[in-house]
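# What the coordinates show
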Amino acid sequence: SSHKSSKREWKPLEDHSCTDVPWLLLFILFCIGMGFICGFSIATGAAARLLSGYDSYGNICGQKNVKVEGIVNSGLDLTHKKYVFFLDPCNIDLVHQRIKSLALCVSACPRKELKTLADIQKFAETNGSTLCSYELQPSEYTTDPRAAKLCPKYPVPESAPIPFFHRCAPVNISCYAKFAEALITFVSDSSVLHRLISGVMTSKEIIMGLCLLSLVLSMILMVIIRYISRVLVWILTILVILGSLGGTGVLWWLYAKQRVSASAVETQIAKDNLQALLIYAISATVFTVILFLIMLIMRKRVALTIALFHVAGKVFIHLPLLVFQPFWTFFVLILFWTYWITVLLFLGTTGSPVPNEEGFVEFRMLGPLKYMWWYHVVGLIWISEFILACQQMTVAGAVVTYYFTREKRNLPFTPILASVNRLVCYHLGTVAKGSFIITLVKIPRMILMYIHTQLKGKENACARCMLKACICCLWCLEKCLTYLNQNAYTATAINSTNFCTSAKDAFVILVENALRVAAINTVGDFMLFLGKVLIVCSTGLAGIMLLNYQRDYTIWVLPLIIVCLFAFLVAHCFLSIYEMVVDVLFLCFAIDTKYNDGSPGREFYMDKVLMEFVENSRKSMKEAGRGGGAEGRELKPM
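Criteria and cut-off values
Residues numbered from 1 in each chain as written. Predicted model: local features only at pLDDT ≥ 70, side-chain atom pairs only at ≥ 80, totals over all residues. Heavy atoms only, no water. UniProt positions renumbered as here; feature names shortened; annotations may be inferred. Disulfide = S-S within 2.5 Å. Helix = DSSP H or I, 4+ residues; strand = E, 2+ residues; numbered from the N terminus. Buried < 20%, exposed > 50% of the residue type's maximum accessible area, 1.4 Å probe, protein only. pLDDT = per-residue confidence, 0-100. Contact = heavy atoms within 4.5 Å. Core = buried A, V, L, I, M, F, W, Y, C linked by side-chain atoms within 4.5 Å.

As recorded in an unreviewed UniProt entry, the protein goes by Choline transporter-like protein and comes from Spizaetus tyrannus. According to its UniProt record, the protein has this under Sequence similarities (unreviewed entry): "Belongs to the CTL (choline transporter-like) family."

Moving on, we get to the state of the cysteines. For the coordinates displayed, the defined rule picks out three disulfides. Two residues share a disulfide in this structure: Cys-61 and Cys-105, whose sulfurs sit 1.9 Å from each other. Every disulfide takes its handedness from the sign of the S-S torsion; for Cys-61 and Cys-105 that torsion is -80°, giving left-handed. In this pair, Cys-61 sits in the loop between α3 (46-52) and β1 (83-86) while Cys-105 sits in strand β4 (residues 103-106), placing the two residues 44 residues apart along the sequence. Taken individually, Cys-61 and Cys-105 each receive the classification buried, so the pair is uniform in this respect. Put simply, Cys-109 and Cys-168 are joined by a disulfide, and their sulfur atoms are 1.9 Å apart. Residues Cys-109 and Cys-168 are joined by a disulfide whose S-S torsion is about -80°; by sign, that bridge is left-handed. Linking Cys-109 in the loop between β4 and α4 (117-127) with Cys-168 in strand β6 (residues 168-170), this pair joins segments that are 59 residues apart in sequence. The pair Cys-109 / Cys-168 is uniform in exposure class, with both members buried. Left unpaired, Cys-537 is separated from the closest cysteine sulfur, that of Cys-564, by 8.1 Å.

The next thing to look at is the confidence of the model for the protein. Residues of the protein with pLDDT of at least 70 account for 79%, and the chain-wide mean is 78. The low-confidence segment residues 626-638 (pLDDT under 50) makes 19 contacts with residues lying over four places distant or belonging to another chain.

Quick look at the nonpolar core now. Core analysis: the largest hydrophobic core is formed by 58 residues, its most contacted members being Leu-322 and Val-581. Among the secondary structure elements, those contributing two or more residues to this core are α8 (204-227), α10 (268-302), α11 (305-318), α13 (372-403), α15 (461-495), α16 (499-512), α17 (514-548) and α18 (557-595). In terms of residue count, α18 provides more of this core than any other element does, 18 residues in total. Those residues in contact with Leu-322 that sit more than four places away from it in its chain are Val-315, Phe-316, Val-395, Val-399, Ile-416, Ile-577 and Val-581. Cys-61, Leu-87, Leu-117 and Cys-132 belong to the second-largest nonpolar core, a separate cluster that totals 32 residues.

This is the structure:
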């Protein structure tokens, strides 16, 4: 079967047919199931309970309610009581992630602090909002002994309703400080957390400006790749060398300068800044040394990427909408994630009312329905991977159209939209199948990661090692399958074959061109990685200089980490499209050299610059040693 597949003629863009239709039908049925979960949660009143809120007796605020069997104070008419009020809003159960307090429906939130029961009684008489349990009348607040248990813990903090969710929340969030600090497990001293947060708030304008700078630098780098790709590699290499040396030098200079000034002023802030600078300087030095060693090893192959970058630059000239692909994908993902989180919140309040051990009402799903959230979690992974795979197929289709169109003036008016049209009409099933395979690998890895997190500190060393090994193996398998999927989508865009056939054909092509994959694709990806490093280093260096002159700043750690992470994320989003284009071009090039030899009727589709690149690759391999016989045979069609 593999032999027949390798001999089958490829006919780029000559035939379009629907692929993997059963998988498309399966995906549609799965999405219908996701819609059923949303509809079920809304139909059972979960949406009303989430938006309007409900009290501890199962009554939904702002409407008439039905009596719950065996629960007192249920089935009340709370039409005029539209807000949920917690008697002790600061009593948070970190284990079960909920507020351990009696919840009531009230007509208004206390907009000022109430210090005594008399103040609570006066607030009820003045505003008509009773803050004590329903069985107490306002006149009984100061006389009934039950008031100590049925009235809010005082002083009652000033609170305001949360927009759209009708919950009274304390205006001063200091009572949630314990909850916030518990989430940051790596901080043992609460004063450190407070200084970190104050540092971020003090430097928020600088952080926003640096994030915008990383976006601008990424756009500039894309423009440079598009117009001056021939000299980009050398410019990028020189800039990375200068940037890493300059950044390391500046860090050591600032450390030496502040060490002298810190000796005169002994404050905790100065010590924190000095320690942070030392860590940054050592890390930058180690990183620079490793980077230089890698560049020294790759120096002979850097020139071989110039032609590939040049052709990729031409692709962006003819297909400028490729630059905006990350925006559309991110926008669609945000919409889906918003929908998913909304339905997840619905599921948290859906189900039948059940009395708990305290005599209050909880809503729980009974029977098979309680496993719906598992289905919902699988939907998150599969549909997210489906959206990302649609981007890969769209980019692959557009680049394939460019590569296999001999006369570039005959390209469609918008190859991106033409690729989207082919995806929707023919290849959604292939995308659904490829994304499902990734989902099958992600789910076990996430389960193992969850188990590892839950058993941290409890399992023995052998079990911990085995768990980490399994997680690592699944991660490697996921990356390999993602790379193979991307090439399978390219093969599908070329020949309109189903996923399995395309994956097999792409795998055969990649194995036959293993040396080219190592010499061309890896070096190209490495240069794009250097571009990401350049953007992160430039943004980080600008952040260091600005934060150094921020006199009222406290600690450097968190703002600089936020800026650098955002800069890497932005650079990755932009340059990943360029990386994707390089991978698609390489597979098209490998197919072109395998099935065409330049003779009449079998002319090459590739760009002349890419043909020169192949010849240079062959010459460099021969000069490296006589062991390149396989590569020589590999380039024989030239």
